[in-house]
Amino acid sequence: MTNPPPPGAPGGADDALRLLTVHAHPDDESSKGAATVARYVDEGVRAVLVCCTGGEEGDILNPAADLPGVRERLAEVRRAELDRAAAIIGYHEVVWLGYRDSGYPEAPDVHDGPTGPVELPAGSFGAAPLDEATERLVTILRAERPHVVVIYPDDQQGYRHPDHLRVHDVGQAAFEAAGDPGAFPAAGPPWRPPKLYYSLWAKARILALHEAFGEQGMESPYQEWWFERPWQDERITTRIEVAKWYDRRCDALLAHATQVDPTEPFWFGLPREVAAEAYPWEDYILARSDVATALPEDDLFAGLRDAPPVAG
C-alpha cells in the first residue's frame, strides 16, 4: 500500500502533522518528553497519548496527597491526574490501552526473580499476550495515522520495570504491523507511520543538572551511583530544544500529586529557569525512518515537512 502524502506535500490530505506517544503509567508522559510534546502542540501538531496502564500499583510518593480514601481509589485518582497533566502539556486526546499496572517486582531481573519467574498480576500489561496488546495499539495507530511514534528504548538496563519493557515490545510490534494489510485486518485500514523514535534521558542531562546544583551552592540529589548506571548517550540522534516549554513539563508533573512531591529536589530542587538553561533539550533515538533525514536531527518531523509520499 501507499500512504497519503505527508502534510505539506503536494496532494496532502490535511495540514496537521501528527505525533503519538506511548507511555506505561500516568506520570510517565510528564517525565519523558512532555516539553517536546508541548512545543509541537504549540506549533500546530496533533498529539495523542496512549497510556497502557492505570498505575494502580504505584505508591503515594507525596505525603501531602496521602489523604483518607485516596489509596482505596488510586486508579480513579491517577486517571484524573493524567487528564490534568495531559491538558497542561496540550495533548489533543488520551487513549487508554486498558491494562492493569504490573507493579515493580523486587528481583534481580523483573522476569526472573530469586526463585524463578515473577508472577505478574492477572490483567496486567506485563502479563498480557503480545498479540492481544499489539492489536489494541495497532487499532489506535491506524485510527490516528501518526507521522511520528515515540516509545521506550530496546535497551532499558537502568530501569527494568515490566510495563516499561512491555511498552517497547508492544510498541515495536505494533509499529511494524500497522502498515501490513495482512496483520490484524479487523484493526482498520493499514497505516505505516513514517518515523519511530525511542525516548531516553541522557547522562549529559544528569551531569548538567548536577553541576548546576553546585553552581547554585546547593546539594545535588544526583549521587555517584547515578553516573555509574548504564547510559546510551552515544545512541542519541535527535535533540529537541525545549527550554521555553520547561514550565509546562514542571506543571504537568505537579498535576500528578500522588506521585510527585513538590518538595523533592530530584524534580524541583533547581529554580526552573536554571534547570531549563542547564540542559535545554530532550533526547531521542531515531529507530526507523522511511524518509530521508540527516543526523543529528533537531526536529522529530525532519524529512516529513514537504516530503514525498511514503511507501508502505
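Residues numbered from 1 in each chain as written. Predicted model: local features only at pLDDT ≥ 70, side-chain atom pairs only at ≥ 80, totals over all residues. Heavy atoms only, no water.

Each packed pair of helices is defined by two parameters, the angle between the axes and the distance between the axes. Taken N-terminus to C-terminus, the directions of helix α3 (residues 74-89) and helix α8 (residues 246-255) make an angle of 170 degrees; their axes are 8 Å apart at the nearest point. Taken together, the axes of α3 and α8 lie roughly antiparallel to each other. Note on element contacts: α8 touches α3 through Arg248, Asp251, Ala252 and Ala255, opposite Glu81, Arg84, Ala85, Ile88 and Ile89. When its residues are assigned to classes, the contact of α3 with α8 shows five nonpolar, no polar and four charged. (Axes fitted to C-alpha atoms, helices over the stretch in contact; angles between N-to-C directions. Helix = DSSP H or I, 4+ residues; strand = E, 2+ residues; numbered from the N terminus. Parallel < 35°, antiparallel > 145°, perpendicular 65-115°, else oblique. Contact = heavy atoms within 4.5 Å. Nonpolar A, V, L, I, M, F, W, Y, C, P; charged D, E, K, R; others polar.)

So, on to the side chain of Thr53. Position of Thr53 relative to the elements: it lies in strand β2 (residues 46-53). A distance of 2.9 Å separates the side chain of Thr53 from the backbone oxygen of Ala24, its partner in a polar contact. A distance of 3.3 Å separates a polar side-chain atom of Thr53 from the backbone nitrogen of Gly55. Thr53 has contacts with Ala24, His25, Pro26, Trp96, Tyr99, Arg100, Asp101, Phe125 and Asp163, leaving out every residue within four places of it along the chain. (Polar contact = N/O pair within 3.5 Å; in protein donor to acceptor, adjacent residues only side chain to side chain.)

Core analysis: the largest hydrophobic core is formed by 36 residues, its most contacted members being Leu20, Val22, Val50, Leu97, Phe125, Leu137 and Val167. Counting only elements with at least two residues in this core, the list comes to β1 (18-23), β2, β3 (93-99), α4 (130-144), β6 (148-151), α5 (162-178) and β7 (195-200). The biggest single contributor to this core is α5, with six residues. Look past the residues within four positions of Val22 in its chain and what remains in contact with it is Val50, Cys52, Leu137, Val150, Ile151, Tyr152 and Val167. In terms of nonpolar packing, the next biggest core, distinct from the first, is built from 31 residues, Leu49, Ile89, Tyr197 and Ala252 among them. (Core = buried A, V, L, I, M, F, W, Y, C linked by side-chain atoms within 4.5 Å. Buried < 20%, exposed > 50% of the residue type's maximum accessible area, 1.4 Å probe, protein only.)

In a regular helix each residue adds 1.5 Å, so 13 residues correspond to 18 Å; helix α6 (residues 203-215) covers 18 Å between its end C-alpha atoms and thus fits that length. Looking only at α6, the buried set comprises Arg205, Ile206, Ala208, Leu209, Ala212 and Phe213. Projected down its long axis, α6 shows its buried positions confined to an angular sector of 165 degrees, all on one face. Exposed positions of α6 whose direction lies more than 90 degrees from the buried face are Gly214 and Glu215. Along its buried surface, α6 packs onto α7 (224-228), α8, α9 (265-268) and α10 (272-278). (Expected span 1.5 Å × (residues − 1). Arc of directions from axis to C-beta.)

Per-chain confidence: the protein chain averages 90 in pLDDT, with 89% of residues scoring 70 or above. Per-residue pLDDT stays below 50 along residues 1-13; that stretch engages in 36 contacts with residues further than four places along the chain or on separate chains. Scored below 50 in pLDDT, residues 308-312 makes 16 contacts in the model with residues more than four places away or belonging to other chains. (pLDDT = per-residue confidence, 0-100.)

On to unusual backbone geometry, then. For the peptide bond that leads from Leu295 to Pro296, omega is 0 degrees, which places it in the cis range. With respect to the helices and strands, the residue Pro296 is situated in the segment after β9 (281-289). Here the phi dihedral of Arg145 falls at roughly 50 degrees; this positive angle occurs in a residue that is not glycine. When you line up the elements, Arg145 lands in the loop between α4 and β6. You will see that Phe184, though not glycine, has its phi angle at about 50 degrees, which is positive.

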